[in-house]
Amino acid sequence: MPRNCSMKCLKKDVASWGILISGYSQKGRLKEAFRLCTRMIELGIGLNSTVFTNLLKSLSDASVLEIGEQLHSLVIRTGLSTNVSVITAISNMYVKCRQLQRAKLVFDQMVETNAVAWTGLMMGYTRAGKQKDALALFIRMLKEGVEMDQFVFSITLKACSGLEYLNLGRQIHGYIVKLGLESDVSVGTPVVDLYIKCSCFDSARRAFKRISEPNDASWSAIITGYCQIGEFEKSLQIFRSLRLKDMAMNSFIYTSIIQACSALADYNMGAQAHADAIKRGLVSYVHGESAMITFYSKCGRLDYANQAFESIDEPDTVAWTAIICGHAYHGNASEALKFFRRMQSSTARPNEVTFIGVLTACSHSGLVTEAKLYLESMSCEYGVDPTIDHYDCMVDAYARAGLLQEAYELVKNMPFEADAMSWKCLLGGCWIHRNLELGEIAAENLLQLDPDDTAGYILMFNLYGLHGKWDEAARVRSVMGARKLKKELSCSWITVKGKVHRFVVGDKHHPRTDDIYRKLKELNCSVTDVESIHLTEEDVSFGLPERKQLLMEHSERLAIAFGLISVPNNVPIVIFKNLRACKHCHDFAKHVSMVTGHRITIRDSCRFHHFHLGKCSCDDYW
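Residues numbered from 1 in each chain as written. Predicted model: local features only at pLDDT ≥ 70, side-chain atom pairs only at ≥ 80, totals over all residues. Heavy atoms only, no water.

### Quick notes on the overall build of the protein
So, point 1. When helices and strands are tallied, the protein shows 33 helices and 6 strands.
So, point 2. Taken over the C-alpha trace, the protein has a radius of gyration of 32 Å; the compact-globule value for 622 residues is 25 Å, which it surpasses by more than 25%.
So, point 3. Once the C-alpha set of the protein is aligned to its principal axes, its extents read approximately 115 × 55 × 50 Å.
So, point 4. Counting only residues that meet the buried cut, the protein has 49% of its 622 residues in that class.
So, point 5. In the protein, the share of contacts with a sequence separation of at least 24, taken over all contacts with a separation of at least 6, comes to 62%.
So, point 6. In the form shown here, the protein has an accessible surface area of approximately 31,100 Å², with 52% of it arising from carbon and sulfur atoms. (Helix = DSSP H or I, 4+ residues; strand = E, 2+ residues; numbered from the N terminus. Rg over C-alpha atoms; globule rule 2.2 N^0.38 Å. Buried < 20%, exposed > 50% of the residue type's maximum accessible area, 1.4 Å probe, protein only. Contact = heavy atoms within 4.5 Å. Areas by Shrake-Rupley, 256 points an atom, 1.4 Å probe, with all protein chains shown as cover.)

### What to know about the domain arrangement of the protein
So, point 1. Entries for the protein in the domain assignment read domain 1 (14-181) and domain 2 (491-526 + 545-616).
So, point 2. Centre-to-centre separation of domain 1 and domain 2, based on C-alpha positions: 64 Å. (Domains from an automatic or database assignment.)

### With respect to the sheet that holds strand β3 (residues 573-577)
So, point 1. Across the sheet, which stays open at both edges, the 6 strands sit in the order β2-β1-β3-β4-β5-β6 with mixed pairing between neighbours. The sheet is open, and its two edges are formed by β2 (499-504) and β6 (615-616), each paired on a single side.
So, point 2. Across 4 bridges, β3 lies against strand β4 (residues 600-603) in parallel orientation. By the bridge assignment, Ile575 is partnered in β4 with Ile602. (Pairing = 2+ DSSP bridges.)

### Quick notes on the pattern of salt bridges
So, point 1. Taken as a whole and judged by the stated rule, the model has 24 salt bridges.
So, point 2. Across the salt bridge formed by Lys412 and Glu409, the nearest N and O atoms sit 3.5 Å from each other. Of this pair, Lys412 and Glu409 both sit in helix α24 (residues 404-413), 3 residues apart, roughly one helical turn.
So, point 3. Given a relative accessible area of 45%, Lys412 falls into the partly exposed group.
So, point 4. A salt bridge links Glu522 to Lys519; the shortest N-O distance between them is 3.4 Å. Here Glu522 pairs with Lys519, and both are found in helix α29 (residues 513-533), just 3 residues apart, close to one helical turn.
So, point 5. Since its relative accessible area comes to 48%, Glu522 is described here as partly exposed.
So, point 6. Bridged by salt links that share partners, the residues Lys104, Asp108, Arg140 and Glu144 form one connected network. (Salt bridge = Lys/Arg side-chain N within 4 Å of Asp/Glu carboxyl O.)

### Considering the pairing of β2
So, point 1. For strand β1 (residues 491-496) and β2, the ladder comprises 6 bridges, and the chain directions are antiparallel. Along β2, the bridge assignment pairs Ile494 with His501.
So, point 2. Hairpin connection of β1 to β2: 2 residues between the antiparallel strands, including Lys497 at a positive phi of 55°.

### Some thoughts on a nonpolar patch on the surface
So, point 1. Taken together, Leu142, Tyr175 and Leu179 make up a surface patch of nonpolar side chains, about 250 Å² in accessible area.
So, point 2. Inspection of the secondary structure assignment puts Leu142 in helix α8 (residues 131-144).
So, point 3. The class of Leu142 is partly exposed, set by a relative accessible area of 41%. (Patch = residues over 30% accessible without salt bridge, like charges linked within 9 Å, V, L, I, M, F, W, Y side chains within 5 Å.)

### Observations concerning the nonpolar core
So, point 1. Val192, Ile222 and Ile293 are the most contacted members of the largest nonpolar core, which has 164 residues in total.
So, point 2. Dropping the residues within four chain positions of it, Val192 is found in contact with Ala204, Ala207, Phe208, Ile211, Ala221 and Ile222.
So, point 3. Phe562, Phe588, Val592 and Ile600 belong to the second-largest nonpolar core, a separate cluster that totals 24 residues. (Core = buried A, V, L, I, M, F, W, Y, C linked by side-chain atoms within 4.5 Å.)

### Side note on the side chain of Thr126
So, point 1. The residue Thr126 is located in helix α7 (residues 115-127) in this model.
So, point 2. In this structure Thr126 touches Gln131, Ala134, Ile155 and Ala159, once residues within four positions along its chain are discounted.

### A look at the UniProt feature "repeat: PPR" (unreviewed entry) in the protein
So, point 1. As recorded in UniProt, the feature "repeat: PPR" (unreviewed entry) lies at residues 13-47, 114-148, 215-249 and 316-350.
So, point 2. Secondary structure within residues 215-249 divides into 74% helix and 0% strand; the distance between the first and last C-alpha atoms comes to 9 Å.
So, point 3. The distance from the first to the last C-alpha atom of residues 316-350 is 9 Å, and the span holds 71% helix and 0% strand. (UniProt positions renumbered as here; feature names shortened; annotations may be inferred.)

### A short note on the pairing of strand β5 (residues 608-612)
So, point 1. The sheet contact formed by β4 and β5 spans 4 bridges and is antiparallel. Of the residues in β5, the one forming a bridge with Arg603 is Phe608.
So, point 2. Linking β4 to β5, which pair antiparallel, is a turn of 4 residues.
So, point 3. Relative to β6, β5 is paired through 2 bridges, and the arrangement is antiparallel. For His612, the partnering residue across the bridge sits in β6 and is Lys615.
So, point 4. The turn joining β5 and β6, which pair antiparallel and follow one another in sequence, is formed by 2 residues; a positive phi near 50° is taken by Leu613.

### Some remarks on the layout of surface pockets
So, point 1. The computed volume of the second largest pocket comes to approximately 690 Å³.
So, point 2. Broken down by secondary-structure element, the contributors of at least two residues to the lining of the second largest pocket are α15 (251-264), α17 (288-298) and α19 (317-329).
So, point 3. Looking at side-chain class alone, the lining of the second largest pocket contains 10 nonpolar, 13 polar and 5 charged residues. (1 Å grid on protein atoms, 1.4 Å probe; cavity = no way out; pocket = protein on both sides within 12 Å on 5 of 7 lines; lining within 4 Å. Points joined across faces, edges and corners; volume = space filled by probe spheres on them. Nonpolar A, V, L, I, M, F, W, Y, C, P; charged D, E, K, R; others polar.)

### Remarks on the packing of helix α20 (residues 333-344) against helix α21 (residues 352-364)
So, point 1. The contact between α20 and α21 brings their axes to 9 Å, and the two run at 145°. Judged by the twist between their axes, the crossing of α20 over α21 is left-handed. Contact residues: α20 offers Ala333, Ala336, Leu337, Phe340 and Met343, while α21 offers Thr354, Phe355, Val358, Ala361 and Cys362.
So, point 2. Grouping the constituent residues of the contact of α20 with α21 by class yields 9 nonpolar, 1 polar and no charged. (Axes fitted to C-alpha atoms, helices over the stretch in contact; angles between N-to-C directions. Left-handed = near helix turned anticlockwise from the far one by under 90°.)

### Focus on α21
So, point 1. Over its 13 residues, α21 runs 18 Å from end to end, which matches the ideal 18 Å to within 8%, given 1.5 Å per residue.
So, point 2. By the criterion of burial, α21 is predominantly enclosed, with 11 of the 13 residues buried.
So, point 3. All buried positions along α21 are accounted for by Thr354, Phe355, Ile356, Gly357, Val358, Leu359, Thr360, Ala361, Cys362, Ser363 and His364.
So, point 4. On its buried face, α21 sits against α19, α20, α22 (368-382) and α23 (388-400).
So, point 5. Put simply, Asn351 is the residue that caps the front of α21, since its side-chain oxygen is 3.1 Å from the backbone nitrogen of Val353.
So, point 6. At the C-terminal side of α21, Gly366 shows a positive phi close to 75°. (Expected span 1.5 Å × (residues − 1). Polar contact = N/O pair within 3.5 Å; in protein donor to acceptor, adjacent residues only side chain to side chain.)

Below is the structure:
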């Protein structure tokens, strides 16, 4: 065979070996790839840069570090340590194997660098939580005049987001605009995310509008932003639009939407989103499942919340906390504590929020001794240092139980400076148990810390009125007037056949107003005798006829009446309210559940109340 033909075959063989090794590497079949590599060496066929690059790219975690080190040694022996693509692949291999110091050493020894090498090391620092090191590399790139691309800016902006470096992020954004890259989705999306993380939603919205073709990550960022500023309806509007257009979704979008539905107590939309996420396989196993638990709990469906929780193979701390808090806010202290004991037997560890749920469960059920034991055990048994929020829960537990002196002593002697909530919990207990002396102390301290706390003024006004101290009550009203403070308007809403019906006190705008008031009159007649027997001093002090008329038209009563004329007898009436339920409406709901046989659930600003056959799940301990 002629010599030139032999060389041609040899070249063909080298290319064939390289293609085959590349194919195995890309498919993750490393054993076959390295077996071919070894065979090449045995046959005396030299490994070229393409083979090394493909092999190094296939090494993606610490379990193959030893193989990577052997390849690194082989690269040096074959004289390819100055090849830019090979040495870049080595640096990136060490990054993926979490050997950042060695990656940096290789990077610093490179004779020539490119954007890929810089980007790889920056990405490694960012993923390891070393955002400052990533930004230091970016500054080096600027000083050395390295040509930037979209990926460099993307990683740099992510580092700024992690550190919430708004000023630096704005400067980088300005540079991006100067280069004409802001419409590129790979750069525009991190810009949006930066502004959202730094609570600059207007800037985020403007940056989003400049992205020429937003992708699922872009939409996820802007939806998260709307949720962050409380515009949940807007986030749902965007979600509906994306579904209609059959746009690509991701698990983060669904998690945000479920959280929005939780805030709005929109059961129908949330259930649809949950079903859609399951259908698309986009339920996040990090946050999505826990969001489902919280969603169903907040919508009054603890049965579904339990199912969502039990479907998780290994619940993490967030999932355990979600189910514990769900039962706590439904007043199911025994169930909440049962889940906590199950959590203790698992590998998950309770955190600060978990104990908020546990202490809330105890507080809402009068388990004062248990609450005290849990508070005392937090640090020594679980390594969780109590915060002011945990002590406030304990103050609330004492105050609700009528142990006002103990609550007061705890406020004065806790290892933190008492905050407005500390005094507010005590004041609430003083109102429940009619203690004017301590109430005045609590109100004075509360209003010093938060002079605009409307609830504090109203509680003191009522407490003074109860004790016949009308001059003092008038002064409280005068201060509220001077500060232009008004009690928040009560609003209740109920969903029937997928449509939300909202009511305010004395509301007469509903299409079925006549039917609602007719049913309400019927119910009021049946409850009048009950209420007249249980009149309180508070009723008398506020002028009974006018007050009684207002009571008859409270928003939750209107919602209950509408529910009775709209919902079948075998379907529970579920009502949501923005403020705490008053005693009279609480008694009214108990009475209606007794005379109609309907199950009624009301979620107010503090907790759930489940009414059935004249009794409430809270046992009137609220």
